[in-house]
Amino acid sequence: ARRLGRAYRAHFFEDSDGGVMSGELRDTRALATRFEAWNARVSAAVPPERLLVFRASDGWAPLCAFLGVPVPRTPFPRANDSGAHTDRMLAIWRRAVAIEALYLALAIGAVAAAATRRGRTEAALAVSLALLLSAVGFLQPD
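Residues numbered from 1 in each chain as written. Predicted model: local features only at pLDDT ≥ 70, side-chain atom pairs only at ≥ 80, totals over all residues. Heavy atoms only, no water.

Enquirer: Before we move on, can you summarise the overall build of the chain with the specific residues and values?
Expert: Tallying secondary structure elements over the chain gives 5 helices and 0 strands in all. Overall, the chain shows an N-to-C arrangement of helices and strands of α-α-α-α-α. A buried classification covers 13% of the 142 residues belonging to the chain. Sequence-distant contacts, at least 24 apart, represent 21% of the contacts inside the chain between residues at least 6 apart. (Helix = DSSP H or I, 4+ residues; strand = E, 2+ residues; numbered from the N terminus. Buried < 20%, exposed > 50% of the residue type's maximum accessible area, 1.4 Å probe, protein only. Contact = heavy atoms within 4.5 Å.)

Enquirer: I'd love a proper account of the environment of Glu24, names of residues and values included.
Expert: Take Glu24: it is sitting in the loop between helix 1 (2–13) and helix 2 (28–45). Take Glu24: its relative accessible area is 18%, and that puts it in the buried class. Sequence separation of Glu24 and Phe13 is 11 residues, and the distance between their C-alpha atoms is 8.0 Å.

Enquirer: Break down the packing of aromatic side chains for me, citing the residues and quoting the values.
Expert: Taken as a whole and assessed by the stated rule, the structure comprises 2 aromatic pairs. Ring geometry for Trp60 against Phe76: centres 4.9 Å apart, planes inclined by 80°, an arrangement best described as edge-to-face. Of this pair, Trp60 sits in helix 3 (residues 60–67) while Phe76 sits in the loop between helix 3 and helix 4 (82–117), placing them 16 residues apart in sequence. We classify Trp60 as partly exposed; its relative accessible area is 23%. Taking relative accessible area as the criterion, Phe76 reaches 16% and is therefore assigned buried. Grouped by ring-pair contacts, the aromatic residues Phe54, Trp60 and Phe76 constitute a single cluster. (Phe/Tyr/Trp six-rings, centres within 6.5 Å; stacked < 30°, edge-to-face > 60°.)

Enquirer: Can you tell me about helix 2, naming the residues and giving the values?
Expert: Helix length check: helix 2, at 18 residues, gives a terminal C-alpha distance of 26 Å against a target of 26 Å (1.5 Å per residue), a fit within 8%. Every buried residue of helix 2 is accounted for by Ala30, Arg34 and Trp38. Each buried residue of helix 2 sits inside an arc of 70° when the element is viewed along its axis, so together they form one side. Exposed side chains of helix 2 directed beyond 90 degrees from the buried face belong to Thr28, Arg29, Thr33, Glu36 and Ala44. The distance from a side-chain oxygen at the start of helix 2 to the backbone nitrogen of Arg29 is 3.1 Å, and the residue carrying that oxygen is Asp27. (Expected span 1.5 Å × (residues − 1). Arc of directions from axis to C-beta. Polar contact = N/O pair within 3.5 Å; in protein donor to acceptor, adjacent residues only side chain to side chain.)

Now the structure itself:
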């Protein structure tokens, strides 16, 4: 799959490394230009009766008509809209914060237990508080 991806990029960018050395792979304007050129090449190469220029915002109807199949009753998936993307990113961030909090709680508990076993209750409280304050600063979004 990786080799196929590289071959596709090399064909798309019309170079040997898929736009890496030229910087086009990370240049938004260059990518847009390449994308438009790619679409023009595909449109010129494929007979109109065999080509569907599809936009996801159009939903099921044009796709199903092109394929000659009935339109499904289920709504067209909109997994890539900005709201759904934001929700997924927030869920991932919340999970990461929960995991960090668990690690922090384990670290504080271990330090406090070790210090308490040695009769150094004040040290246990001080280290635990320092760890907690540094973690609160670390977990704050920018």
